[in-house]
Every structure is written in C-alpha cells, then in structure tokens.
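# What the coordinates show
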Amino acid sequence: MTTSAQGNEPDAPTGSAAPTANAMRRALGRARAGVALDTAEAAVLLQARGGDLKELMASAARVRDAGLEAAGRPGVITYSRSVFIPLTRLCRDKCHYCTFATVPGKLRRAGHGMFMSPDEVLAIARRGAEMGCKEALITLGDRPEDRWPEARAWLEAEGYDDTIAYVRAMAIRILEETGLLPHLNPGALTWTDFQRLKPVAPSMGMMLETTAERLWSEPGGPHYGSPDKEPAVRLRVLEDAGRSSVPFTSGLLIGIGETREERAESLFALRRVSRSYHGIQEVIIQNFRAKPDTAMRGMPDAELDDLVATVAVARHILGPSACIQAPPNLVDAEYEQLIAAGIDDWGGVSPLTPDHVNPERPWPQVDELAERSAAAGFRLCERLAVYPEYIRRGEPWLDPRLLPHVTALADPETGLAREEAIPTGLPWQEPEEAFSASGRTDLHHTIDTEGRTGDRREDFDEVYGDWEALREAAAPGMAPSRVDADVKAALSRAADDPTRLTDPEALALLHADGPALDALCRIADDLRRATVGDDVTYIVTRNINFTNVCYTGCRFCAFAQRRTDADAYTLSLDQVADRAQQAWDVGAVEVCMQGGIHPDLPGTAYFDIARAVKERVPGMHVHAFSPMEVVNGATRTGMSIREWLEAAREAGLDSIPGTAAEILDDEVRWILTKGKLPTATWIEVVKTAHELGIRSSSTMMYGHVDQPRHWLAHLRLLAEIQQETGGFTEFVTLPFIHTNAPVYLAGIARPGPTTRDNRAVTAMARILLHPHIPNIQTSWVKLGTEGAAEMLRSGANDLGGTLMEETISRMAGSSYGSYRSIQDLVGIAELAGRPARPRTTTYGPVPEDRQAAALASDGHLPELLPVLGD
C-alpha cells in the first residue's frame, strides 16, 4: 500500500477540494467534542493528514473504546477463524476491478464446473473444522444463471431452481456435516431470498461499496453494466436484511473514483439503515487495490492515510456501538495505524483457504495478528460469524433451527467463540413439539372479560426499529393533504359511468365531505343496488387464530407477542380441530384461520392445521393463511409459492384471506411494518393462488400514516389484478384500530380513520372496483352496529361473519366484542333498511341443513361451552 508523506495532500478523488485550515479545525473540534457531524464536515475530515489525522484518530479511538467498554469487552479486538468457499465465480455483473468473476470457458479449461460440487464444498468445510475454523464464508457471483446459460443448465441438471436454492442446500449440509456456521455473501438478495436463507445461516453480508450513482450509471464507471451495483438496489438489500432481522455485514470500497463527499454520503447511508433496523453487525472499510487484467488496472491503489482517515470518520459517524473492520491482508503490516483509527475487528482470517477476491494478498497468521494487536494494547479474541450482540438478543435475530449450532460454539457469557471448541455436525431440523398447547389459550374468550395484560410489549423500544427514523419517514402521511378539483364534475362522472372515472376525479371524491360526501354515498349505494341487489349477506364462520407468537415486527399489530409474554399462546392441533367441530355444530360453513409467524412452526405446519380441520369436519370450508403465512411456509420448506399452495390445497386449504395487504404501497408498508412481505410479493402470492383456482378476499387497512392517494392506488391495483385473474371474492374495508397499536403509541400514526374517511373509502371501493369486485364488506368488529349500518348505506353489501371469536382487533383495542349472532347481523341490516341472508365463502347459497343448524343456535357458541384448556 502506498503511503503519503505526512503533511502533503495526496491526489484527491475526483471533485474533492482541499479544505481550509479553519474548516479542518472546526470539524476536528466537533469530532473531539463528540458532536454529531454532517456530510460536509465528514468530507473535510476524510482529508485530514499529518497532525490533523493523528488528532482525528485519537478521538475515533476514544469513541471505539467507550463502545467496547459498554459491550463488556474492553481492550478486545476480534476476528473470525474461517474458510472461504467460492461457490461459483460466474456472475451477471461486470465490475471493472474484479478478478473473482470469470466466464464459463475459463472454468472449463481449468477443469472446473460452473459451480463447486457438494463434495468440493464439504471437503473444504471439513478440513476447516479440523483446523478449528468456525465460519464457512460462502461467496459467489450475483445470479449467474441470468447471464450464463451454462450456469442455468448446471443448476437444472443438479435439481435446483436457482442459485439461491443451491446456496441454501449447501448451507444445510455444512451445518449438518461439519458444524461450521455459514456466512452467506450471495450478492443482491430480495426480501424473499432473505426468508429462504435466514433459517440456514446466522449471518449474511453484502458490501454497499458506494452510493455514488454516477459510478454505476456513467460509461467507464467501475460499476457500469452491473445491475446489482446500482446504489438504490444495494440500499434496498440492506433494508430488507434489517426488515428480516438478519445480522448483516456491509461496508465501503474506497478509492474507486468516488469523491470524498460521496464517500461521506455512503457512510451516512449505512448509519441511516443501521439506526432504522439495528441489523448491521459490522462495517468493513476496504481499500481498493488495482489488479492486472482488469479495466481498472491503471488506477492507483487507495493510500494508507486515506484508509485510516476513512476508518476514523466511519467510527465518528457510526458511533461507539458499531463494529468496524479493515481487512488485514490488504495493508502492508500497518496494523497499528488501523487500530489507532478505531477498528475493533480484523474480519475473517483463514488458516486454510486464500482470499479468493484478493488472491494476491495472503491472510496474515493469527499469531502475528495477536502479537500486533497486543503491541497496540489489545487482546485478540475469536468471534463467530454472527456477532455477540445478536447471539445475546436471540429471537428474532437467530432462527431456532440454528440455535443449537450457534450455542455449541459460543461462549455463554460473552457471545464470542469458545476458542477450544471443535465444530461437529448437528442436525438441521424443525423444533420438536411445534404444536404443543401453551400460554393463554383461552384468550379468545377472556379478551372480552379480562382484557389484555398490558398495552404494549416489554421490548416496545427495540423490536420495531428506530421510532425517530420512522417519525421522519411518516411525517408526510400524518395529515392527508387536500386537493383542488371539480367535485361536482367527478360526482357526475361517477353516477354516469364509474369505469370512466379519472384518477384526479377519484382523488377529489376520496376527499369529499359534507353534502358532496352524502351525494357520493348515494351514488355508491345506487350502484350497489344495481349490481348485487338489496340483500345484505353474512357468513356463519369462526375465527381460529392458532398462535399469536410472532417476531415479524408489524408496527400496527397489537396481537403479536413474544413466546415469553403473558398474553402469548399457541394452540395444539387437537384444539384447532375441536374449535372447528364446535363451529360446525352451531351451523358454521367456514373457519378462517390465521396466526403469527411463530419461529418454531415448520413450513409444513400449515398443512397440518388444514388437514386437522378437514379430518375432523370434512364439510368445513378452510379459509386460511394470509400471503405472509404462505411465503413463510414456502421459504421454510424450500418450496416455491406455487408448490406450497398446491400442497396446502391437497391438505385441505380451500381459499386464502387477502390480508397482510395493509396498503399496497411500499412507501407506507415500511412504516407500518418492519418485516412483512413487500407489495410485489403479496401480489405474486395472490395471483399464483388465483391461477391455481384458490380464491381469496382482498383487503385494505387505512387511517394510519396513509393518504387518499394511497387508497386510490391500492384500489386501482386490486381492480387490475381482478381483471387479470377473477379470483377475488370480495373487498373488505379494515379501518385501523389505533388504541394499542405500537405505531400509534409511539406517536406516529393517526388515531384511526374518521367517519368521513370510512364513508368515503366504502363508497369509492364500490365505485372504483365496479364491475370487477361486486362484493364490498364492512367490518362490524371495527365499526360497531351503527358504523356498519352506515357503511351499508354507503355502498357495502356484506357484513362479514359471526366470527364466534376474534382476538386480533380486540387486542388492538376494538370495543365491539368478539362475535355477533345471526340476529345481531340481521339487526344491523334492518337498521340500514335492508333484508339479510346467509352466504358461503364464495357468495353461494348455504345448504338448508347448515342454515337450520345455524338458526337453531343463532350462529354462536353456547355460553356454557367449556373454554379449551391446555
């Protein structure tokens, strides 16, 4: 590595101007005082040299030392003993500095396959385990099958749908046959990819490298022609990792042509993601080194002072709790300067395999690292691939299937590696007794008599991410903006031909109030009468929420509990079947079953639930499993969404609820939820279900951090899907229940929709979904008797079900009870001046014997029915 003469300014990256002495003095003073830096000040400090650099390093070291003290490991610098497994060197990207990626012809000429074979992978992993390694670093090119037919052919011949499926399979074999912990670097992963890989790897990683878009978009840039190096794509990967509670490694590659302002912006982007999700376990500051036979072979290496200054600035920006690493093999033994600048980790060091990304730079010996660290006053300690903080946090950061593998190697006191531990293979398997009854299994009954234990979970301040960052992101949605449009003309268009309503006209009507709102509701009610008649429909059904244990982190949900919370419960399969039987006995034609994303439940658990109901009550319609549950089941089993839905149908699934939609706009979704599926994945699940003949409802939850423009886009999207598939049975309006919702308790969301909002949404749902979705359902659970009747006068034609039990809205604070009898529902219809009749899930006629059974019991469970015990 080249070193600049102290006091002389090195060649600056493009666009950077030397700072004035006054600017440097001011920035150093703020850093020394621990005051938060801005981007301009950080860019100044990146140019510190000589005495200024020493002062910057000293203040950064103090920040680092305070963090180590707080973490309980003062004076400790860590490393991971690892093996490097280059699963494939094929890649769809064309980075101009990379020698790792190659082409199929070169692999063939060298006698290699397109991918390493399982035997080759396991040979390295076994040898590493024998040498005391505990991490298997699996690195590969991004989605090579998208560029190289040879890669696609290899995967198909070996029985894998894609590269991610092969990565998953190899991670499981490494866990089971060697005991090493996989750390996965498969490139730019999607949200669904994270769900597929999280159960098989305790940590993953991907370098951000830079947020300078011009280095990707402009010809000649180092990332030009590389789709996965677009900064927006890579930032989305970091966010999806955080949303998925995956301990994630990222970092910068410095000296590739970025300005120092761009480098500072990249560090602040990492800080933003880290603060929002608390999921970045370490940040690597890696210096560029030019390699022969690359387009950037003539580019000068990043200088040592540049690297040291970047480490120090990173420490100041990311703070004391951040773990910052600089690869020791990319410097020429200048270890002490990197330690003095604020690093606390050396990264993965292998006694067996080379650094395949930088093969010309061998790893230092661990003994040498220990000696050089000791010379700087630090003790070298081994860590695991997953950092100690995440081992201590446990769920949701560590999947229960991985817990035995991690605890076998981790020191229970520190979370660091037990250096004397020798990895041995352990089964990778689903937790035993996933369906043993536990917790407050009578919550369906006692929620109405005793209520919930508290208004929020004990981990309220941590589990949902950073509330301050969310407040900033949610600010635009807190007060819906008004629009200036001709409401009278829009009303006329809606009455004449609602299918011709333009978006500006629709938005104007969603804002309607007063006499205009009354006119809108009359138009919607007339359209309802012309489309489906005057009958108000309802269904005799029972809700069965089989567990409320969930770590997804939905910020609107007051139902989810940790397994240790007082209100947490899980039903046994017998209890689920018993409740279905009880519902059948009182005339139900459907059970609606949904639950939390319980970390212990295997992906096949949903099949067991559906099968248990069908075996006990063959005639019952099983309406179950939201798109989020479908994805959870598919990713845990390694099946595609289509394969999983087909298997669920074989087990007894008849239709799915279109819940987990909330607002189908990721701008809003990522405020409402930390880890739920993105809009595109919800659409994929629903469309796939419809293609298989599995129908679904559709829903929208509104009145929180959304605006009418989001409602409009949501309804337009549902109409578009229905025109394509015809699979929606109805649209259900779900007003946000705010009382116990975390996002409201944190002061971010509005206190639910107003009566005006409810009327406008119901009326516009009727108008905008016409004629594609004829059934519009209102929710008595959320609106009560008077509110539901008002919606029936505003375009709705369906009241939903008797429910028999309801805990989700009641846990959120709804005050309208957990069930309604048939007479109650008929009474709501009469209040609206309409007749009522029962229906099936798909809005067909109910058999006479079912109607008779329902009328005999009035559609609800007997008061003396015993509450189910454990």
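Given the structure is predicted, the values throughout are model-derived calculations rather than measurements.

## Quick word on the packing of helix H32 (residues 780-792) against helix H34 (residues 822-831)
Two numbers describe how H32 lies on H34: the axes approach to 7 Å, and their chain directions differ by 35°. Listed contacts from H34 to Trp 780, Thr 785, Glu 786, Ala 788, Ala 789 and Leu 792 of H32 are Leu 825, Ile 828, Ala 829 and Leu 831.

## Focus on unusual backbone geometry
The linkage connecting Glu 395 with the following residue, Pro 396, adopts the cis geometry, with an omega of 5°. Along the polypeptide, Pro 396 turns up in the loop between helix H15 (388-393) and helix H16 (403-407). Phi is positive for His 278, which is not a glycine, with a value near 55°. The topology assignment puts His 278 in the loop between helix H11 (260-277) and strand S6 (280-287). A positive phi is found at Ala 660, a non-glycine position, where the angle reads about 65°. Looking at the secondary structure, you find Ala 660 in the loop between strand S16 (655-656) and helix H27 (666-672).

## Focus: the confidence of the model for the protein chain
The predicted model of the protein chain has a mean per-residue pLDDT of 90, with 91% of residues at 70 or higher. Within the model, the stretch residues 1-12 combines pLDDT values under 50 with 32 contacts to residues more than four positions away or in other chains. Segment residues 864-870 is flagged for pLDDT under 50; beyond a separation of four residues in sequence, or across chains, it makes 15 contacts in the model.

## Considerations on the pattern of salt bridges
What the rule picks out here adds up to 59 salt bridges. Residue Lys 134 is joined to Glu 382 by a salt bridge in which the shortest nitrogen-to-oxygen separation is 3.1 Å. Highlighted residues: Lys 134 in the loop between helix H5 (118-130) and strand S2 (135-140) and Glu 382 in strand S9 (residues 379-383), separated in sequence by 248 residues. The exposure class assigned to Lys 134 is buried, which follows from its relative accessible area of 1%. Overall, Glu 382 belongs to the buried group, its relative accessible area being 2%. Linking Arg 563 and Glu 395 is a salt bridge whose minimum nitrogen-to-oxygen distance equals 2.2 Å. Here Arg 563, found in the loop between strand S12 (541-545) and strand S13 (569-570), pairs with Glu 395, found in the loop between H15 and H16; they are 168 residues apart in sequence, far enough to count as distant. Salt bridges sharing common partners tie together Arg 49, Glu 258, Arg 260, Arg 263 and Asp 306.

## Details of H34
Turning to H34, its buried residues are Ile 822, Leu 825, Val 826, Ile 828 and Ala 829. All buried residues of H34 project into a common sector of 155° when viewed along the axis, lining one side. Structurally, H34 contributes buried residues whose contacts are with strand S11 (536-539), H32, strand S20 (798-801), strand S21 (836-838) and helix H35 (848-857).

## Digging into empty space enclosed by the protein
Under the definition given, this model contains six cavities of 30 Å³ or more. Of the voids in this model, the second largest cavity is the one considered here, and its volume is about 350 Å³. Contributing to the lining of the second largest cavity are 22 residues, with Gln 195, Lys 198, Ser 244, Ile 597 and Arg 636 lying nearest its centre. Elements with a minimum of two residues in the lining of the second largest cavity: helix H8 (191-197) and helix H25 (627-637). The element that contributes the greatest number of residues to the lining of the second largest cavity is H25, accounting for five residues.

Cut-offs and rules
- Residues numbered from 1 in each chain as written.
- Predicted model: local features only at pLDDT ≥ 70, side-chain atom pairs only at ≥ 80, totals over all residues.
- Heavy atoms only, no water.
- Axes fitted to C-alpha atoms, helices over the stretch in contact; angles between N-to-C directions.
- Helix = DSSP H or I, 4+ residues; strand = E, 2+ residues; numbered from the N terminus.
- Contact = heavy atoms within 4.5 Å.
- pLDDT = per-residue confidence, 0-100.
- Salt bridge = Lys/Arg side-chain N within 4 Å of Asp/Glu carboxyl O.
- Buried < 20%, exposed > 50% of the residue type's maximum accessible area, 1.4 Å probe, protein only.
- Arc of directions from axis to C-beta.
- 1 Å grid on protein atoms, 1.4 Å probe; cavity = no way out; pocket = protein on both sides within 12 Å on 5 of 7 lines; lining within 4 Å.
- Points joined across faces, edges and corners; volume = space filled by probe spheres on them.

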